[in-house]
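Architecture at a glance
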2 protein chains.
Amino acid sequence: MLSTMQDVPLTVSRILRHGSTIHGASHITTWTGDGAPQRRTFAETGARAGQLAHALRDELGVSGDDRVATLMWNNAEHVEAYLAVPSMGAVLHTLNLRLPVEQLVWIVNHAADRVVVVNGSLLPLLAPLLPSLTTVEHVIVSGPGDRSLLDGCRARVHDYEELIADRPADYDWPDIDERAAAALCYTSGTTGEPKGVAYSHRSVFLHSMHVNSAEAFAQTPGDLALPVVPMFHVNAWGLPHAAFMSGTSMLMPDRFLQPAPLAEMIASERPTLAGAVPTIWQGLLAELEANPRDISSLRTVVVGGSACPPSLMHTFEDRHGVRVVHAWGMTETSPLGSIAHPPAGVTGEEEWAYRATQGRFPASVEARLAGPGGGFLPWDGRSAGELEVRGPWIAGAYYGGASGEPFRPEDKFSPDGWLRTGDVGTISPDGYLTLTDRAKDVIKSGGEWISSVELENVLMGHPEVAEAAVVAVPDEKWGERPLATVVLTEGATADYETLRSYLGEHVAHWQLPERWAVIEAVPKTSVGKFDKKVLRKQYADGQLDVTRL
Amino acid sequence: MLSTMQDVPLTVSRILRHGSTIHGASHITTWTGDGAPQRRTFAETGARAGQLAHALRDELGVSGDDRVATLMWNNAEHVEAYLAVPSMGAVLHTLNLRLPVEQLVWIVNHAADRVVVVNGSLLPLLAPLLPSLTTVEHVIVSGPGDRSLLDGCRARVHDYEELIADRPADYDWPDIDERAAAALCYTSGTTGEPKGVAYSHRSVFLHSMHVNSAEAFAQTPGDLALPVVPMFHVNAWGLPHAAFMSGTSMLMPDRFLQPAPLAEMIASERPTLAGAVPTIWQGLLAELEANPRDISSLRTVVVGGSACPPSLMHTFEDRHGVRVVHAWGMTETSPLGSIAHPPAGVTGEEEWAYRATQGRFPASVEARLAGPGGGFLPWDGRSAGELEVRGPWIAGAYYGGASGEPFRPEDKFSPDGWLRTGDVGTISPDGYLTLTDRAKDVIKSGGEWISSVELENVLMGHPEVAEAAVVAVPDEKWGERPLATVVLTEGATADYETLRSYLGEHVAHWQLPERWAVIEAVPKTSVGKFDKKVLRKQYADGQLDVTRL
């Protein structure tokens, strides 16, 4: 029996219309670095989004599901593109300006982007790539920058403001299937080629509703949100769409992401909510140590992207009265997967223990732990498995490119369609996720999983261990066993037996490595993470001096 | 271009699974009146919902889209039915126990309910109707009551607890099309036959997400919600579904809706959030006046169903520290249409003025004002039109019954599918709705609308007017004009000219009635509202002594 409810699609245009009318007085403030921030109301933003859509369609011929890319900082014009491009039926493709240039080129060509909207300050990045971007017909430049860098390029070049000026603000936004793609974002591709996730209008809408729920970020018209996390990182965690939905004003840092201007904009504009990776907040705390400023307007700071050191959370709260909230997610999860609000009523150390987890899942995200043996594990807070998730804002495939079909790599999607997150962890009986390792780094030993990260953390707690990296190596009997590689401190006297005993005080006996090697330094990736691929190769090639206990 | 997101339906079973696992420790407390409230966790509730579904399918043969009706108070077993029946694919039909019995019979037969779950205390209501309920095969009795009243009835009679005992708690909830009907609720049918609204899984899920948003009720696991509004009134305004989604514990009043037990349960269980019609709160305030109790645990009291007198809001806030929030909705809107949180930053009288409106619409609800002339009116805070709404939790048709097709009466749905609410009002530039009249009572005079309620309110402000009712009467020149009928106070000396002059001080000249009649009393409906149908008929039949000025 069908319901009698209206069949109304959940679309970005609905968010656009709502925000620019009901919440027309809310505003976007973009930092300019010159003491005079740019301010624009949601009503103006909606009107300019209409003008942008007219320009794209009427002047540039954007139609159907054409991809319109952005290479932009967090600013008002980027929000205009966020709203206009999907609402007119096209697909917004946010480009990560920190990617290696060859990946950027690959991604733009893979998506067959027809238009790139670029901040003038990023022309030095874009201009040299343009000859390789075979599908790009139009470049729209917004904000100050050296436009002469584009002289002689094949694409037509437009000035953003000139392009949209004098066009109608009203655009008859089409009715769009809510399952159509609204936005495209590629994972960074540290292993293999970058993979594109095409968010739907439906997923953006539902995710925005969740961001605004009391159990997530609880954005209201009384808030001022500061998305430090870039708008090319999973839609700035969904904050801009959600803010336009709830009438939450936004403070946009543009390219001023250094600790000093961040501290200045927080002190002067007084945001109530902010989101960024831990590194940003570490830098801000150091800056505030040197140049104290009042950041107490922030009620909540959301930290994601990687685990947040507890010391950082404590410092924020004790020194500045700012509550840090831990969240977990990834490009494939829109990104909000879980958020670490403690259960009602817990206090003190227990509360902090809950807040250090990756948190609980919302009703829209189902979770399960795939065990080493193939089945699914209980939520007992001890059994560690690979986290798999399912839900309306979770990816079920990757974008196959302009001429390809969506594809579902076996290591990324289960046969029944759940996303394999590649994260290994436990879930407590009350639903709190604690991640312990990446699936590719976990040691699969005789049907049990050993967390490399846990062994490393314990080892690095030893006073004579400067660094420790644990990797899986093949073992005839157990399949895999851990190899512990350690960097000792200057003048250290500890031998392998001592370190193994020390480790044995903290982890189960069967988890203790038999293979040990002292190394000079742990090989690292370009972003400073342990590069375990290199270690595994060094071991395979016999380049490590391994002692077997 | 299709997105790459998972195609996962928004269903009630998702809410059920989520609440009973992640929030398994949250609880439902049902008032019993004997000092020992019944307590049940969400985990237990989920298990019992599974048992109920097994009983319905395996023992009673419920299948497909069979309708399972409830004639119940607000209690834990009613929540179990709320979750189990839609999750198994059947349709929950909540019966309004305050309807005239002939309407109840009509509704049950129209929906072809196969099963009725009834509270024992309501058997005196149900038993005499059973012979007329031609489709009901099973009656399931929950809680204390005189079961002998069912002796000799045609339907099979079951005891709720015996029926579900020893059945498996795990039920393999089927994947359901999110557009399928989940729950059925009939409007009261004050004009014409009752009309059924069939909520979809999708609409229930989306509405629940909205209820939990910070801009609506902001329910969290730290809250204890008290739905005084009956679960047969538009799903208790969606509070139970939303609470199970957010892990919000519930306090259920069962049949103890009188002021004294309400005050007692609030003082002892300390809910943080409650929802009810103004009458309930009026009674509670009077009770607290006589027998003071501490109700300050309530952070928010949501009032809907009819406009809330400002004095009630002030008393709650000043005397008890409880914030009253105004909301607007109807059976056809799930019901949350708008909610009156003031804009950020306003205070004092301005804040109170905003809080007295019907509030703002969420992103999921689009609104427009249909003017008397046929077009749509600006949001200028002055132009009054009939409110029309559109959105994924707004009805687009009425249920046609077990053997009929959905139907769309012209006076209820616009040609392009929007719901005609029958409410007349204005919308301010910042999106606040103020209702002024019902469309059927408004006077359509020469292409403009005159609010009968506004004229009545002004007239009743005159010291010599006890009551005033204004109705539309046919007019050759203007189409319709207002007829003012007044009940004068004892010994009043005011004549029509005086009253008309008084009225002219407050409303535009063209709105002033030419036709006046003094009457003994305003005819009233069974629930005490002005019965304008009777007045219009009396006028048409020449029964009123009308003076024309």
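Residues numbered from 1 in each chain as written. Chains lettered and ligands numbered in written order. Predicted model: local features only at pLDDT ≥ 70, side-chain atom pairs only at ≥ 80, totals over all residues. Heavy atoms only, no water.

With an unreviewed UniProt entry as reference, chain A is termed Long-chain fatty acid--CoA ligase, source organism Streptomyces lycii.

When its secondary structure is counted, chain A shows 16 helices and 25 strands. The C-alpha radius of gyration computed for chain A amounts to 25 Å, which stays within 12% of the reference 24 Å derived for 549 residues, consistent with globular compactness. Along the longest, intermediate and shortest principal axes, the C-alpha atoms of chain A span 75 × 60 × 50 Å. Every one of the 549 residues in chain A was classed for burial, and the buried ones make up 61%. Total accessible area computed for chain A in this model is approximately 20300 Å², and 51% of it derives from carbon and sulfur atoms. Where the 44 positive side-chain charges of chain A centre and where its 67 negative ones centre are 2 Å apart. (Helix = DSSP H or I, 4+ residues; strand = E, 2+ residues; numbered from the N terminus. Rg over C-alpha atoms; globule rule 2.2 N^0.38 Å. Buried < 20%, exposed > 50% of the residue type's maximum accessible area, 1.4 Å probe, protein only. Areas by Shrake-Rupley, 256 points an atom, 1.4 Å probe, with all protein chains shown as cover. Lys, Arg positive; Asp, Glu negative; His and termini not counted. Charge placed at Lys NZ, Arg CZ, Asp CG, Glu CD.)

With an omega of 5 degrees, the peptide bond running from Ser334(A) to Pro335(A) counts as cis. Within the fold, Pro335(A) resides in the loop between strand S14 (323-328) and strand S15 (338-339). Here the phi dihedral of Ala218(A) falls at roughly 55 degrees; this positive angle occurs in a residue that is not glycine. Structurally, the position occupied by Ala218(A) is in the loop between helix H7 (201-211) and strand S10 (224-227). Judged by relative accessible area, which is 18%, Ala218(A) ranks as buried. Phi is positive for Asn235(B), close to 55 degrees, though the residue is something other than glycine. Looking at the secondary structure, you find Asn235(B) in helix H8 (residues 234-237).

Residue and element names in this part refer to chain B. The contact between helix H1 (residues 12-21) and helix H7 (residues 201-211) brings their axes to 8 Å, and the two run at 45 degrees. Relative to H7, the element H1 is oriented oblique. Between H1 and H7, the contacting residues are Val12, Arg14 and Ile15 on the first element and His201, Val204, Phe205 and Ser208 on the second. (Axes fitted to C-alpha atoms, helices over the stretch in contact; angles between N-to-C directions. Parallel < 35°, antiparallel > 145°, perpendicular 65-115°, else oblique. Contact = heavy atoms within 4.5 Å.)

Taken together, the buried positions of helix H10 (residues 259-269) of chain B are occupied by Pro261(B), Leu262(B), Ala263(B), Met265(B), Ile266(B) and Glu269(B). The inward-facing, buried residues of H10(B) abut strand S1 (27-30), strand S2 (38-41), strand S10 (224-227), strand S11 (249-252) and helix H11 (278-290) of chain B.

This paragraph deals with the domain arrangement of chain A. Residues and elements named next belong to chain A. For chain A, the assigned domains read domain 1 (1-29 + 36-203), domain 2 (366-441) and domain 3 (443-548). Here the C-alpha centroids of domain 1 and domain 2 sit 31 Å apart. Taken residue by residue, the interface counts 11 residues in domain 1 and 10 residues in domain 2. Buried area between domain 1 and domain 2, both sides added, is near 880 Å², and the carbon and sulfur share of it is 70%. If you look at where domain 1 meets domain 2, you find zero salt bridges. Counting across the interface, domain 1 meets domain 2 through three residue pairs in polar contact (both at pLDDT 80 or more). (Domains from an automatic or database assignment. Buried area = accessible area lost by both parts, 1.4 Å probe. Salt bridge = Lys/Arg side-chain N within 4 Å of Asp/Glu carboxyl O. Polar contact = N/O pair within 3.5 Å; in protein donor to acceptor, adjacent residues only side chain to side chain.)

Our focus in this paragraph is the sheet that holds strand S11 (residues 249-252) of chain A. Residue and element names in this part refer to chain A. Spatially, S2-S1-S11-S10-S12-S13-S14-S15 is the arrangement adopted by the eight strands of the open sheet, whose pairing is mixed. Each edge of the open sheet is held by one strand with a lone partner, namely strand S2 (38-41) and S15. Sheet analysis places strand S1 (residues 27-30) next to S2, joined by four bridges and oriented antiparallel. By the bridge assignment for S2, Ile28 is matched with Arg40. (Pairing = 2+ DSSP bridges.)

All right, on to the pairing of strand S9 (residues 196-200) of chain A then. Of all five residues in S9(A), five are buried, a share of seventy percent or more. Of the two faces of S9(A), the one holding Gly196(A), Ala198(A) and Ser200(A) and the one holding Val197(A) and Tyr199(A) are both buried throughout.

Facing 74 residues of chain B, the contacting portion of chain A comprises 74 residues. When the two sides are added together, the surface that chain B and chain A hide from each other amounts to roughly 5500 Å², 57% of it contributed by carbon and sulfur. At the junction of chain B and chain A, the tally comes to 10 salt bridges. Between Arg390(A) and Asp175(B) there is a salt bridge, with its nearest N and O atoms 3.9 Å apart. Linking chain B with chain A are 40 residue pairs in polar contact (both at pLDDT 80 or more). Those elements that place two or more of their residues in the side of chain B that touches chain A are H1, strand S8 (181-186), strand S9 (196-200), H7 and strand S17 (385-390) of chain B. With six residues, the single largest contributor to the side of chain B that touches chain A is H7(B).

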